Amino acid sequence: QVVLVESGGALVQPGGSLRLSCVASGFTFSDYSMAWYRRAPGKERELVAAINSASSKTNYADSVKGRFTISRDNAKNTVYLQINTLKPADTAVYYCNVGGWYSDYVGYDFWGQGTQVTVSS
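To start, this report covers the structure provided alongside it. What you see is a predicted model, and the numbers here were worked out from it, not measured in a lab.

Thresholds applied
Residues numbered from 1 in each chain as written. Predicted model: local features only at pLDDT ≥ 70, side-chain atom pairs only at ≥ 80, totals over all residues. Heavy atoms only, no water. Pairing = 2+ DSSP bridges. Helix = DSSP H or I, 4+ residues; strand = E, 2+ residues; numbered from the N terminus. Axes fitted to C-alpha atoms, helices over the stretch in contact; angles between N-to-C directions. Buried < 20%, exposed > 50% of the residue type's maximum accessible area, 1.4 Å probe, protein only. Disulfide = S-S within 2.5 Å.

1. Considering the sheet that holds strand E7 (residues 68-73)
The strands making up a sheet associate through hydrogen bonds between their backbones, and the pairing can be parallel or antiparallel.
Turning to step 1, where the next piece is worked out: Ordered in space as E1-E3-E8-E7, the 4 strands form an open sheet in which the pairing is antiparallel. Each having just a single partner strand, strand E1 (3-7) and E7 make up the two edges of the open sheet. On average, each strand axis in the sheet is tilted by 15 degrees relative to the strand beside it, whichever way the strands run.
Turning to step 2, where the next piece is worked out: Across 6 bridges, E7 lies against strand E8 (residues 78-83) in antiparallel orientation. Bridging from a neighbouring strand, Phe68 pairs with Ile83 of E8.

Structure below.
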């Protein structure tokens, strides 16, 4: 079965950086697009960043463009999210997701347990 395991979340001061990782198993990782979502307290889960299987296409939420970078290592079945210049508004649980790329990213209903990112001084 599909298993997604996120890690790397932490308590960070505003302006800091983090790198989140998600290790995937149970499917042919290199055949699928991957994405990161987040859910902030009291809000709906939102798509933050997505990357296609070949790493030739990415997209980002407007709120994170220029600060977040998604990447993947197909040899390690791992997708990463580099987060720079963290803001308190980035506080959320971050989730890994597997999906497909059509005209844009479409996520399938497979989720990891999430990793908590808290931005506070």
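2. Observations concerning unusual backbone geometry
Turning to step 1, where the next piece is worked out: The phi dihedral of Ser55 falls on the positive side, at around 65 degrees, and the residue is not glycine.
Turning to step 2, where the next piece is worked out: Take Ser55: it is sitting in the loop between strand E5 (46-51) and strand E6 (58-60).
Turning to step 3, where the next piece is worked out: A positive phi angle, near 50 degrees, is found at Asn77, a position not held by glycine.
Turning to step 4, where the next piece is worked out: Of note, Asn77 is situated in the loop between E7 and E8.
Turning to step 5, where the next piece is worked out: For Asn77, a relative accessible area of 24% gives the class partly exposed.

3. As for the state of the cysteines
Turning to step 1, where the next piece is worked out: For the structure shown, the criterion picks out 1 disulfide.
Turning to step 2, where the next piece is worked out: Shown here is the disulfide that connects Cys22 with Cys96, its sulfur atoms set 2.2 Å apart. Judged by the sign of its S-S torsion, about -85 degrees, the bond between Cys22 and Cys96 is left-handed. Of the two residues, Cys22 sits in strand E3 (residues 18-25) while Cys96 sits in strand E9 (residues 92-101), which places them 74 residues apart along the sequence.
Turning to step 3, where the next piece is worked out: In this structure Cys96 comes out as buried when scored by relative accessible area, which is 0%.

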